[in-house]
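Residue-level structure breakdown
Letter by letter, the chains look like this.
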Amino acid sequence: MSVSPSPFNGAEHPIKGIALICLAVLLFASHDTLSKYLSAFYPIVMVVWARYVVHTLLMLVVFVPRSGFSAVVRTKRPGLQLLRALCLIGTSLLFTTGLRYIPLAEATAVNFLAPLLVTALSVPFLGERVSRAQWLAVLAGFVGVLIVVRPGGALFTPAILLPLGSALCFGFYQLLTRKLSGVDSPTTSNFLTGILNSLIMSALLPFFWSTPTLVHGLFMIGLGTCGMLGHMLLTQAFRHAAPAMLAPFSYGQILFAGLFGYLIFDHTPDQYALVGIAVICLSGLAVAWAQRKR
């Protein structure tokens, strides 16, 4: 799962930005693939714990020696940082649980409702103005989900509420990221989220522990590494090109998810799912285009 971009700094290197975001979404799709695979063998809590612990340890190695621990963890809004971390851990738990029951491409597409939810929720929570075209795009995105799920289809089960709940949590996470962007640095926000969620999941871990095999232990390390590197590449991508320019390429994550779902889990979305996924992608692109015009 991707994160909201950091503010664009105005340095135009679009080819570099596009290459970086393509690598980032490939890593995010790899992260979700490993989550789906490992969740078939281990409790969800353990899989999510591995993701955050490895992520946090890597951030400790990369950022703390350069800036110092106190500088990295210092925040002006600890309450909002805690709430942001809880939103992301909710996203992780709901999405990973959903992957047990929902194919990878479809679950990823439903989770991409998050940018549309941010548009809708920015009105009451941030006081932003949303145009009629943006509201239509939000509505179209939900229509896309209905096409994917469709009554009578294989995905029309209570399990579809898991990626929907994940998208809602991720929408709130992005709203809180916006509110904190002018207060704390992205490094501080991401590190605090990682360490808080590592502590929360570590407290739950004794009740769900199952000793992994050597191969699965390496997969868990790969899980956290993919998440960490994806975050870093995404941040770098938005330093080289504007978000509106890179938005179409972020939906490449759905394509990678579909490819991995076919190669590893032998699943191919049917024609209705493909239409619904296309509608969700186009809706998100329409919102990005409207924001660029504004």
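Since the structure is predicted, the reported quantities are computational estimates derived from the model, not experimental observations.

Thresholds applied
Residues numbered from 1 in each chain as written. Predicted model: local features only at pLDDT ≥ 70, side-chain atom pairs only at ≥ 80, totals over all residues. Heavy atoms only, no water. Helix = DSSP H or I, 4+ residues; strand = E, 2+ residues; numbered from the N terminus. Contact = heavy atoms within 4.5 Å. Buried < 20%, exposed > 50% of the residue type's maximum accessible area, 1.4 Å probe, protein only. Axes fitted to C-alpha atoms, helices over the stretch in contact; angles between N-to-C directions. Left-handed = near helix turned anticlockwise from the far one by under 90°. Nonpolar A, V, L, I, M, F, W, Y, C, P; charged D, E, K, R; others polar. Core = buried A, V, L, I, M, F, W, Y, C linked by side-chain atoms within 4.5 Å.

1. Structural notes on the environment of G171
With respect to the secondary-structure elements, G171 resides in helix α8 (residues 161-180). Other than its neighbours up to four places away in sequence, G171 contacts A114 and V118.

2. Side note on the side chain of T33
Mapped onto the secondary structure, T33 falls in helix α1 (residues 14-39). We classify T33 as buried; its relative accessible area is 6%. Setting aside chain neighbours within four positions, we find T33 in contact with L104, F260, I264 and F265.

3. Describing the packing of helix α5 (residues 104-111) against α8
Remark: α5 packs on α8, axes separated minimally by 8 Å, with the N-to-C direction vectors making an angle of 35°. Considering how the two elements wind past one another, α5 and α8 form a crossing that is right-handed. Counting all contacts with α5, which are made through A107, V110 and N111, the residues of α8 involved are P163, L164, S166 and A167. Here the residues of the contact of α5 with α8 are counted per class, giving five nonpolar, two polar and no charged.

4. Things to note about the nonpolar core
I102, I254, I277 and I280 are the most contacted members of the largest nonpolar core, which totals 30 residues. Those elements giving two or more residues to this core turn out to be α5, α6 (114-126), α7 (132-149), α12 (252-265) and α13 (271-293). Per-element accounting of this core gives the leading share, five residues, to α7. Apart from the residues lying within four places of it in its own chain, the contact partners of I102 are K36, A107, L155, A159, I160 and P163. Of all hydrophobic cores here, the second largest spans 25 residues; its members include Y42, V47, W49 and A50.

Function-wise, these values are silent; they only describe arrangement.
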